[in-house]
Amino acid sequence: MATFDAALSSATFTYDLLVGSEDFDLPKTEQPVWVIGNEYSALYDRNEIKEDILTRFWFSYRKGFAPIGGTGPVTDAHWGCMLRCGQMIMSEAMSRLHLGRKWRWKVDCKDPAYWKIISMFQDQKGCLFSIHQIAMMGVTEGKEIGKWFGPNTVAQVLRKLAIYDEWSRLVVHVAMDNTVIVDDINLLCRRAKREVPCEQIESSSSSILRGSPPGVERKDSVVVDHSNWRPLVLFIPLRLGLQDINTVYIRSLKACLEMPQSLGIIGGSSNQAHFFIGYFGMWAVGAMPNHGQHGLSAGGWGAPPPHWTVLNAGGPKASLSSWDSNESPL
């Protein structure tokens, strides 16, 4: 079998092997298994590993949904894999916020927060993080509908869409040029609900015109609320090699997946995007969205099993993602 840094390996286990089965085809190795910040033993924690993997949201190619943009594609097969990986990152962030990291999915799950998260990713134009909305917002990033996104493009699109999520109020920040500016993040996570110029606020609110409410101050063109930290989703787009990932980065990628704040890593190349959630030894554990299903609706979420796989890193482009709900300054 190939290693973490080699070419794409073939699938080794899928949801239909996981659900209802007593075991799954994860090698019984003495090396620890990491799943986005949780450490397990492949010898003694197999059920726990399976439950943790099954709890992660999985989105794949779909077909038969309403045309994107009214006259566009009715399937995202062969071009929507990175868009689906972006959906998995955002759903993981929402799960951390509304369900918690210790929450586990069950076949008969009736948790209203879980189903509300699902509803935001249905393949319908009216759903905020649907394939429709992501593809159409991609036009603002220079991507025609039906074209493949890179990790940076999907991060930028999710940043724009998250502004309209009144339920989770997530701040999505994309760190460019391999640089995270802490002061910028602190400012973003304490901004008022929307980024509104102060002069516009003043014209519509005499209370702010006379003076800011307690805990709130005006800074440049935004309102800064020191009493209300908004949860942060941080993307760090990277290029880790020319054709494949340079092995010098493998240790750092593993360390990222061990962090309790990790939401996973998205990366890959055209038609081969991956969502990595963990690793063991030199193997990465992740999901591939390249498994076609019918369009997702709230009533049709239960059936075809996702394609979970132990795989190595794909192309050299990747985006690290992390989560911070801490109310203290970074």
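Residues numbered from 1 in each chain as written. Predicted model: local features only at pLDDT ≥ 70, side-chain atom pairs only at ≥ 80, totals over all residues. Heavy atoms only, no water.

1. Description of the nonpolar core
Soluble globular proteins tend to pack their nonpolar side chains together in the buried interior. Worth spelling out the cut-off: Here, the term nonpolar core denotes a set of buried Ala, Val, Leu, Ile, Met, Phe, Trp, Tyr and Cys residues that are joined through side-chain atoms within 4.5 Å. Only protein chains enter the area calculation, which uses a 1.4 Å probe; residues under 20% of their type maximum are buried, those over 50% are exposed, and those in between are partly exposed. In this analysis, two residues are considered to be in contact whenever any of their non-hydrogen atoms come within 4.5 Å of each other.
One finds Phe129 and Phe235 to be the most contacted residues of the largest nonpolar core, which totals 64 residues. In contact with Phe129, not counting residues within four places along its chain, are Gln87, Met90, Met94, Met120, Phe121, Ile134, Leu158, Leu161, Ala162 and Asp165. With 22 residues, the next largest nonpolar core counts Val171, Ile185, Leu232 and Leu240 among its residues.

2. What about helix α2 (residues 46-55)?
As a reminder of what qualifies: Only runs of H or I of at least four residues qualify as helices and only runs of E of at least two qualify as strands under DSSP, and these elements are numbered from the N terminus.
Of all 10 residues that make up α2, seven are buried, and the element is covered over most of its length. All of the buried residues in α2 are Arg46, Ile49, Lys50, Asp52, Ile53, Leu54 and Thr55.

3. Here we look at the side chain of Lys254
Which entries qualify depends on this criterion: For the purpose of charge, His is not counted, nor are the chain termini; Lys and Arg are scored as positive and Asp and Glu as negative. Basic side-chain nitrogens of Lys or Arg form a salt bridge, by our definition, when they fall within 4 Å of a carboxyl oxygen of Asp or Glu. Pairing of N or O atoms within 3.5 Å defines a polar contact, subject to two protein rules: one partner must be a possible hydrogen donor and the other a possible acceptor, and residues neighboring in sequence count only if both atoms are side-chain atoms.
Within the secondary structure layout, Lys254 lies in helix α10 (residues 250-258). The side chain of Lys254 is buried and forms no salt bridge, while Glu258, the nearest opposite charge, is found at 7.4 Å. In this structure the side chain of Lys254 is engaged in a polar contact, spanning 2.7 Å, whose partner is the backbone oxygen of Gly281. In this structure, Lys254 is in contact with Tyr279, Gly281 and Met282, ignoring residues within four places of it in sequence.

4. Comments concerning the confidence of the model for the protein
Selection criterion: Every residue is assigned a pLDDT by the predictor, reflecting its confidence on a scale from 0 to 100.
Taken residue by residue, the protein gives an average pLDDT of 77. The fraction at 70 or more is 72%. pLDDT under 50 marks residues 195-226. Its contacts with residues more than four places away, or in other chains, come to 41 contacts. Confidence over residues 298-313 falls short of pLDDT 50; this stretch has 69 contacts with residues more than four positions distant or in other chains.

5. So, the pairing of strand β8 (residues 262-269)
This is how it is decided: DSSP-based pairing: two strands are paired if at least 2 bridges between them are found.
Buried residues dominate β8, accounting for seven of its eight residues. Of the pairings in the sheet, the one linking β8 to strand β13 (residues 317-324) comprises five bridges and is antiparallel in character. Within β13, the position partnered with Gly264 by the bridge is Ser321. The pairing of β8 with strand β9 (residues 272-280) spans five bridges and is antiparallel. In the sheet register, Ser269 faces β9, and the bridge partner there is Gln272.

6. Digging into unusual backbone geometry
With phi around 30°, Ile36 is a residue other than glycine that occupies positive phi space. Examined against the element boundaries, Ile36 turns out to sit in the loop between β1 (32-35) and β2 (38-41). Judged by relative accessible area, which is 1%, Ile36 ranks as buried. Backbone geometry places Arg169, a non-glycine residue, at a positive phi of 55°. Within the secondary structure, Arg169 sits in the loop between α6 (151-162) and β4 (171-174).

7. So, helix α4 (residues 112-119)
Rules: Working note: the arc is built from the helix axis to C-beta atom directions.
Where α4 is concerned, the buried positions are Ala113, Tyr114, Ile117 and Ile118. For α4, the angular spread of the buried residues around the axis is 145°, confining them to a single face. Where α4 is buried, its residues touch α3 (81-98). A distance of 2.8 Å separates the backbone nitrogen of Ala113 from a side-chain oxygen at the start of α4, and that oxygen is part of Asp111.

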